[in-house]
Amino acid sequence: GPIRLWEGDAPGSLGQRPQDIPTLTPFLADKANDTGATILVLPGGGYGNLAEHEGTGYAEFFAKHGISAYVLKYRLGSNGYRHPVMLNDAARALRMLRAFAKRDGRDPSRIGVIGSSAGGHLASTLVTHFDSGKPDATDLVERESSRPDLGILCYAVISLGQYAHAGSKKNLLGATPEPELVKLLSNELQITKDTPPCFLWHTVEDKTVAVENTLLFAAALRQA
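Residues numbered from 1 in each chain as written. Predicted model: local features only at pLDDT ≥ 70, side-chain atom pairs only at ≥ 80, totals over all residues. Heavy atoms only, no water.

Participant: Lay out the nonpolar core in plain terms, naming residues and giving numbers.
Facilitator: With 44 residues, the main nonpolar core has Leu-24, Leu-40, Leu-42, Leu-72, Tyr-74, Met-86 and Leu-126 as its most contacted residues. Looking at this core element by element, the count peaks at 12 residues for helix α2 (residues 85-104). When sequence neighbours within four positions are dropped, the list of residues in contact with Leu-24 reads Gly-1, Pro-2, Ile-3, Leu-5, Leu-40, Tyr-70, Val-71, Leu-72, Ala-93, Met-96 and Leu-97. Membership of the second largest hydrophobic core comes to 13 residues, among which are Phe-27, Phe-62, Ile-152 and Tyr-155. (Core = buried A, V, L, I, M, F, W, Y, C linked by side-chain atoms within 4.5 Å. Buried < 20%, exposed > 50% of the residue type's maximum accessible area, 1.4 Å probe, protein only. Helix = DSSP H or I, 4+ residues; strand = E, 2+ residues; numbered from the N terminus. Contact = heavy atoms within 4.5 Å.)

Participant: I'd love a proper account of the pattern of salt bridges, names of residues and values included.
Facilitator: What the rule picks out here adds up to 13 salt bridges. One salt bridge connects Asp-139 with Arg-92, and the closest N-O pair in it is separated by 2.8 Å. Taken together, the residues span a long stretch of sequence, with Asp-139 in the loop between α3 (118-126) and β6 (150-154) and Arg-92 in helix α2 at a distance of 47 residues. Residue class for Asp-139 comes out partly exposed when judged on its relative accessible area of 29%. When its relative accessible area of 6% is taken as the criterion, Arg-92 is described as buried. Here Arg-95 and Glu-142 are joined by a salt bridge, their closest N and O atoms 3.8 Å apart. Here Glu-142 lies in the loop between α3 and β6 and Arg-95 lies in helix α2, a separation of 47 residues in the sequence. Residue Glu-142 is classed as buried on the basis of its relative accessible area, which comes to 16%. What emerges from the salt-bridge pattern is a single network uniting Arg-92, Arg-95, Asp-131, Lys-134, Asp-139 and Glu-142. (Salt bridge = Lys/Arg side-chain N within 4 Å of Asp/Glu carboxyl O.)

Participant: Which residues make up the packing of aromatic side chains, and what values go with them?
Facilitator: Inspection of the entire model under this criterion finds four aromatic pairs. Geometrically, the ring pair formed by Tyr-155 and Trp-201 is edge-to-face, given 5.2 Å between the ring centres and 75 degrees between the ring planes. Of the two residues, Tyr-155 is situated in the loop between β6 and α4 (166-173) and Trp-201 in strand β7 (residues 198-201); the sequence distance between them amounts to 46 residues. The class for Tyr-155 is buried, based on a relative accessible area of 17%. Of the residues examined, Trp-201 reaches a relative accessible area of 37% and is grouped as partly exposed. (Phe/Tyr/Trp six-rings, centres within 6.5 Å; stacked < 30°, edge-to-face > 60°.)

Participant: Break down the environment of Thr-35 for me, citing the residues and quoting the values.
Facilitator: Assignment of secondary structure puts Thr-35 in the loop between β2 (23-27) and β3 (38-42). On the accessibility criterion, Thr-35 (34% relative accessible area) is partly exposed. Apart from residues no more than four positions distant in its own chain, Thr-35 is found in contact with His-65, Gly-66, Ile-67 and Arg-110. Engagement of the side chain of Thr-35 in a polar contact is seen with the backbone oxygen of Gly-66, the distance being 2.7 Å. (Polar contact = N/O pair within 3.5 Å; in protein donor to acceptor, adjacent residues only side chain to side chain.)

Participant: Let's hear about the environment of Gly-161: which residues, and what values?
Facilitator: With respect to the secondary-structure elements, Gly-161 resides in the loop between β6 and α4. Residue classification places Gly-161 among the partly exposed positions, given a relative accessible area of 38%. For the pair formed by Gly-161 and Leu-185, sequence separation is 24 residues and the distance between their alpha carbons is 9.5 Å.

Participant: Lay out the sheet that holds strand β1 (residues 3-4) with the relevant residues and their values.
Facilitator: As summarised here, the arrangement of the seven strands in space is β1-β2-β4-β3-β5-β6-β7, forming an open sheet in which the pairing is mixed. The open sheet terminates on both sides in strands that have one partner only, identified here as β1 and β7. Against the sheet, α2 makes contact with β1, β2, β3, β4 (68-73) and β5 (111-116), and its axis sits at roughly 160 degrees relative to β3, the strand it touches most. (Pairing = 2+ DSSP bridges. Axes fitted to C-alpha atoms, helices over the stretch in contact; angles between N-to-C directions.)

Participant: Now, about empty space enclosed by the protein: what can you tell me, with residues and values included?
Facilitator: Over the atoms rolls a probe the size of a water molecule, and in doing so it shows where empty space is left. Scanning the model with the defined rule gives one cavity of 30 Å³ or more in all. Empty space within the largest cavity amounts to approximately 40 Å³. A per-class count over the lining of the largest cavity returns five nonpolar, one polar and two charged. (1 Å grid on protein atoms, 1.4 Å probe; cavity = no way out; pocket = protein on both sides within 12 Å on 5 of 7 lines; lining within 4 Å. Points joined across faces, edges and corners; volume = space filled by probe spheres on them. Nonpolar A, V, L, I, M, F, W, Y, C, P; charged D, E, K, R; others polar.)

Participant: Would you mind going over the state of the cysteines in detail, with residue names and values included?
Facilitator: A complete count under the given rule lists zero disulfides for this structure. Cysteine Cys-154 shares no disulfide, and the gap to the nearest cysteine sulfur, in Cys-198, comes to 11 Å. The exposure class assigned to Cys-154 is buried, which follows from its relative accessible area of 1%. (Disulfide = S-S within 2.5 Å.)

Participant: Let's hear about the pairing of β5: which residues, and what values?
Facilitator: Burial analysis of β5 places six of its six residues in the buried class, which makes it a mostly covered element. Burial of the side chains of β5 extends over both faces: Ile-111, Val-113 and Gly-115 are buried on one face and Gly-112, Ile-114 and Ser-116 on the other. Examined bridge by bridge, β5 and β6 share five bridges and lie parallel to one another. Counterpart to Val-113 in the pairing with β6 is Gly-151. In the classification by handedness, the crossover that spans β5, the intervening α3 and the parallel β6 is right-handed. (Right-handed = clockwise from strand over helix to strand, strands pointing away.)

Set out below in structure tokens:
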């Protein structure tokens, strides 16, 4: 069943409702075809809900192909949360997957993240806003790096500028965010040489998230 990211209340928790408790749901690869790789699955839903088909469906596909998958139930703007809570949940989850890989004999240097739509924004945030962990933390999970080894962004919300998905932006940052924060979370502006390699896909026909989000991110990756 679901694994809590933190034993007690999650940092910044607004209560003990199910929506206040971020969890990971594992879909493990069969021993017979296990590749040793792991992937963190971030469903979309505009930071207002979590789309089931972008969670369980993806995870089952990866597990069937020998990649153990964990679906993250991260906290949402619709339940009163704002940045950096979502990033903190995703970073903690990635650290846990790396700790699990070491514990379970999987490869701690092949841990990817996949996100769709607003989950793609969270994945693009994680691949551009990670850290190497705290080497002296008493909580062993906190010693792990939160950097994914690979990002897969599916019709992702990425930019919060001209091509922003308005609903996601509002749920993440509130109605009147500071310009510096908008820039910080416009992740096409935050790519460096240390950003992991990414695979992106999107369609020009997308009426919800403009394809420019992906084009801008791809161009910035190419530059770096």
